[in-house]
Amino acid sequence: MYVSSTVYLVLDALGIIALRDDGSVVDKLVYDYDAQRIANMLNNIEVGKPTDELVGFINRLAKAGVSTVYVEHKELARNLTNIIKGIEIKAELPTKVGRLFREEFWSKYLKEIYGIEPIEYIKRVNEVSVIQTRLKLKQAAERRDLFIAQAINSVDDLDKVSNLVASRLREWYGIHFPELENLTRNNNEYAALVYKLGDRSNYTKSKIMEALPELGEERASRIAEAAAKSVGASIVEWDLQQIRSLAKLYLDMQTIRENLTEYIDDAMKDVAPNIRELAGSLLGARLIALAGSLMKLALMPASTIQVLGAEKALFRALRGRGRPPKHGVIFQYPDIFRAPRWQRGKIARALAAKLAIAAKADVFTGNFIAPRLKEEFMRRVQEVKTIYAKPPPRKPAAKPAAKPHGKPERKPGKK
Amino acid sequence: MSSVRAVDVKEHEKFKGVYWIEFEDGSTRLATRNLTPGKRVYGEQLINLGGVEYRVWNPYRSKLGAAIMNKLEVMPIGEGSKVLYLGAASGTTVSHVSDIVGLSGLIYSVEFSPRVFREFMQNIIDQGRLNVIPILADARYPEQYISLVKGVDVAYIDVAQPFQAKILADNADVYLVKGGYIILVIKAMSIDVTKEPSETFKREIDTIKERGFDIINMIHLEPYDVAHALVVGKRD
């Protein structure tokens, strides 16, 4: 049936074509047009995974007496060789015939192979590539949410450990220079001074300024003064070395923490842009970590999101002891923790409702709707602040009463 | 955005599909004819003149726009052109190229970063630009999009990567038709910060020449972009 025993395969979005080395068509396989299915196939071919159609087509060529097939994809050729016997599959990019095919595609092959107009071909390829891209974008986002959950948990771990290390450092170095304890509350500053200056005798104003310029002249001279008059025990280099390495450990952990938060912010832009815009990247990441994955978060009702992280209080309330929690980890949202006590529950409920929508948008549609959600949320915050400006009157009965009827009295303006 | 009224529009002296909009105060701005009337891509001004809608082309946001402002001599992209665009990013320049090539043209838009490509999908695809084929892939491996891309008249590259001249040439070997053009945006800073811009430009241009292209035009993009140049090449 075939004259030539060497053929060149050309992969196209709508089919597979086999050509002789003069560019004439030997055989072709035109896919039934189903954009979704083709998009899946192309995503496989792209990473070198053979599809059933491709394997079937090459087997057909082998049966017809073709001995060598060229494919313009190295990985694909290798994987095909493992599956298909009795025919040699070679990779070359580009092949001479492939180039010719692409060069004359618009003028010649398009009509010959598919019998459709360029506009129709472009429409179909556009449709397929859009689905392909959306699939890939989704996959890129899906896996990373688990990384984000781990990263945010690492941030929390680091905070815990660095607080431990810092308090040990203060206690240990405090034997040598007890006055420094009260001169800087900031652990970062403390560790930097210990690491860079070491012995108390090094605490001159100029050296302090050099080690930590952000302290400012005034504080630097106060620390220098305190060092000169310190009542602490003297220390030798050998003892000091251990303390300094602890200080170094603290500083390193802070750097890692900074990198991690940057990483989380970047990854959140990718994975959950709506949640990030609405709640901030760190809080958003915490919610994903608590839910278990972005998908799980998206499947949660707003009421669950509202109390994520307050499970202990929630289940205590469900067992009938105590009142249900107003907020879980979303308490970290500034508008909630800065609000007066009686407004927090209302704001938390509003935020949770918007977050539930944002999570669904991030997982399912990929549309960026956060600016609208945020605007609606901010409007509700303003409303809560004006309507509930004053604390509610204390309830007379110990037992929580049934929901009061009618609207609460309007009290415009702030107190 | 200016509130000055647009009074007239003229087609660019040399390039079809590129326009100068004249404003009441005597200033002129670059523009293209909007393929999707009523829709903006990156907050650009829309101007209606004689029943046609134009999108103002901001040279500070688009390097091709900057090159045209700086008197680019050869512009291989015109109506009906098929373009392979590497480094499509969020689609600012792609949108104007899409206006220029029109519905008989086609742009294969390749971008590697999912983050910016999500924006691209919103800016370009959701707006209904049917002459754009989005491809989320790594331009260093042209075989990844072998099923989608056919012969192109122009291969354009604007990626912040070292060896971009090599990446462009590799892609041109597979997809560029005979007599096709390449356009290379060189970002000296992202290729090698330790070298002087002119040195980097030269190295990238040498790579292009070694791969069989003649340089037919080179435009520096100051003041719109510092240490950037746009190079047009051709291979027969």
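Residues numbered from 1 in each chain as written. Chains lettered and ligands numbered in written order. Predicted model: local features only at pLDDT ≥ 70, side-chain atom pairs only at ≥ 80, totals over all residues. Heavy atoms only, no water.

Engineer: Account for the confidence of the model for chain A, with residues named and values stated.
Structural biologist: Low pLDDT means the predicted coordinates in that region are not meant to be read closely. Residue and element names in this part refer to chain A. Across chain A, the average pLDDT comes to 90, with 94% of residues at or above 70. With pLDDT under 50 throughout, residues 400-404 is counted as low confidence; its partners more than four residues away or in other chains account for zero contacts. Segment residues 406-415 is flagged for pLDDT under 50; beyond a separation of four residues in sequence, or across chains, it makes twelve contacts in the model. (pLDDT = per-residue confidence, 0-100. Contact = heavy atoms within 4.5 Å.)

Engineer: With reference to specific residues and values, describe a positive patch on the surface.
Structural biologist: All names here are of chain A. Judged by side-chain charge, Lys312, Arg316, Arg319 and Arg321 come together as a positively charged surface patch. Here Arg319 is to be found in the loop between helix 16 (311-318) and helix 17 (334-337). Judged by relative accessible area, which is 56%, Arg319 ranks as exposed. (Patch = residues over 30% accessible without salt bridge, like charges linked within 9 Å, V, L, I, M, F, W, Y side chains within 5 Å. Areas by Shrake-Rupley, 256 points an atom, 1.4 Å probe, with all protein chains shown as cover. Salt bridge = Lys/Arg side-chain N within 4 Å of Asp/Glu carboxyl O. Lys, Arg positive; Asp, Glu negative; His and termini not counted. Charge placed at Lys NZ, Arg CZ, Asp CG, Glu CD. Helix = DSSP H or I, 4+ residues; strand = E, 2+ residues; numbered from the N terminus. Buried < 20%, exposed > 50% of the residue type's maximum accessible area, 1.4 Å probe, protein only.)

Engineer: Tell me what's going on with the sheet that holds strand 11 (residues 214-220) of chain B, and back it up with residues and numbers.
Structural biologist: All names here are of chain B. Sheet architecture is open: seven strands sit in the order 8-7-6-9-10-12-11, paired in mixed fashion. Looking at strand neighbours, the two that pair on one side only are strand 8 (132-136) and strand 11, the edges of this open sheet. Each strand axis lies, on average, 15° off the axis of its neighbour in the sheet, ignoring direction. Sheet topology note: the strand 10 (residues 176-187)/strand 12 (residues 228-234) ladder contains seven bridges and is antiparallel. (Pairing = 2+ DSSP bridges. Axes fitted to C-alpha atoms, helices over the stretch in contact; angles between N-to-C directions.)

Engineer: Residue-level account of empty space enclosed by the protein, with values.
Structural biologist: Per the stated rule, a full pass over the model turns up two cavities of 30 Å³ or more. Quantified by volume, the largest cavity comes out at close to 40 Å³. Around the largest cavity, the lining residues are Leu42, Ile45, Glu46, His73 and Gln132 of chain A together with Glu143, Gln144, Ile146, Ser147 and Leu148 of chain B. When residues in the lining of the largest cavity are grouped by element, the largest group, three residues, is from helix 1 (residues 35-46) of chain A. Partitioned by chemical class, the residues of the lining of the largest cavity number four nonpolar, four polar and two charged. Of the volumes computed, that of the second largest cavity is approximately 30 Å³. If you go around the second largest cavity, the residues you meet are Arg99, Arg102 and Glu103 of chain A together with Gly151, Val174, Tyr175, Leu176 and Val177 of chain B. Of all the elements in the fold, those that place two or more residues in the lining of the second largest cavity are helix 4 (96-103) of chain A together with helix 4 (164-175) and strand 10 of chain B. Here the lining of the second largest cavity is composed, by residue class, of four nonpolar, one polar and three charged. (1 Å grid on protein atoms, 1.4 Å probe; cavity = no way out; pocket = protein on both sides within 12 Å on 5 of 7 lines; lining within 4 Å. Points joined across faces, edges and corners; volume = space filled by probe spheres on them. Nonpolar A, V, L, I, M, F, W, Y, C, P; charged D, E, K, R; others polar.)

Engineer: Outline the pairing of strand 5 (residues 88-91) of chain A, supporting the account with residue identities and numerical values.
Structural biologist: Residue and element names in this part refer to chain A. With four bridges joining them, strand 4 (residues 68-71) and strand 5 adopt parallel strand pairing. Bridge pairing links Val69 to Ile89 in strand 5. In this fold, the crossover linking strand 4 to strand 5 by way of helix 3 (residues 74-83) has right-handed handedness. (Right-handed = clockwise from strand over helix to strand, strands pointing away.)

Engineer: Outline the packing of aromatic side chains, listing residues and values.
Structural biologist: All names here are of chain A. Within this structure, the stated rule accounts for 17 aromatic pairs over all chains. Consider the rings of Phe101 and Phe105, whose centres lie 5.5 Å apart with planes at 55°: the pair is tilted. For Phe105, a relative accessible area of 0% translates into the label buried. Here Tyr173 and Tyr190 contribute two aromatic rings whose centre-to-centre distance is 6.1 Å and whose plane-to-plane angle is 85°, an arrangement assigned as edge-to-face. (Phe/Tyr/Trp six-rings, centres within 6.5 Å; stacked < 30°, edge-to-face > 60°.)

Engineer: Could you give me a rundown of the pattern of salt bridges, with the residues and numbers involved?
Structural biologist: Think of it this way: side chains of opposite charge can pair up when their charged atoms draw near. Taken as a whole and judged by the stated rule, the model has 41 salt bridges over all chains. Note that Arg380 of chain A and Glu383 of chain A form a salt bridge whose closest N and O atoms lie 2.7 Å from each other. Here Arg380 of chain A and its partner Glu383 of chain A are both found in helix 19 (residues 370-387), three residues apart, which amounts to about one turn of the helix. On the basis of relative accessibility, which here comes to 26%, the residue Arg380 of chain A falls in the partly exposed class. Across the salt bridge formed by Lys63 of chain B and Asp158 of chain B, the nearest N and O atoms sit 3.8 Å from each other. Of this pair, Lys63 of chain B sits in helix 1 (residues 63-69) while Asp158 of chain B sits in the loop between strand 9 (152-157) and helix 4, and the two are 95 residues apart along the sequence. Each member of the pair, Lys63 of chain B as well as Asp158 of chain B, is classed as buried. Linked by salt bridges that have partners in common, Lys166, Asp170, Asp173, Arg211 and Arg235 of chain B make up one network.

Engineer: Give a description of the packing of helix 18 (residues 341-365) of chain A against helix 19 of chain A that names residues and reports values.
Structural biologist: To characterise two packed helices, one gives the angle between the axes of the helices and the distance between these axes. All names here are of chain A. Running from N to C, helix 18 and helix 19 cross one another at 170°; their axes reach a closest spacing of 10 Å. In terms of their interaxial angle, helix 18 and helix 19 are classed as roughly antiparallel. On helix 19, the residues that touch Gln343, Lys346, Ile347, Ala350, Leu351, Lys354, Ile357 and Ala358 of helix 18 are Leu373, Glu376, Phe377, Arg380, Val381, Val384 and Lys385. Here the residues of the contact of helix 18 with helix 19 sort into nine nonpolar, one polar and five charged. (Parallel < 35°, antiparallel > 145°, perpendicular 65-115°, else oblique.)

Engineer: Just give me the short version of the sheet that holds strand 2 (residues 15-19) of chain A, but keep the residues and values in it.
Structural biologist: Residues and elements named next belong to chain A. Strands sit in the order 3-2-1-4-5 across an open sheet of five strands; the sheet is mixed. Only two strands of the sheet have a single neighbouring strand rather than two, namely strand 3 (25-30) and strand 5. Averaged over all neighbouring strand pairs, the angle between strand axes comes to 20°, with direction disregarded. Relative to strand 4, strand 1 (residues 6-11) runs parallel, the two being bridged by three bridges. Following the sheet pairing, Thr6 is matched in strand 4 by Thr68.

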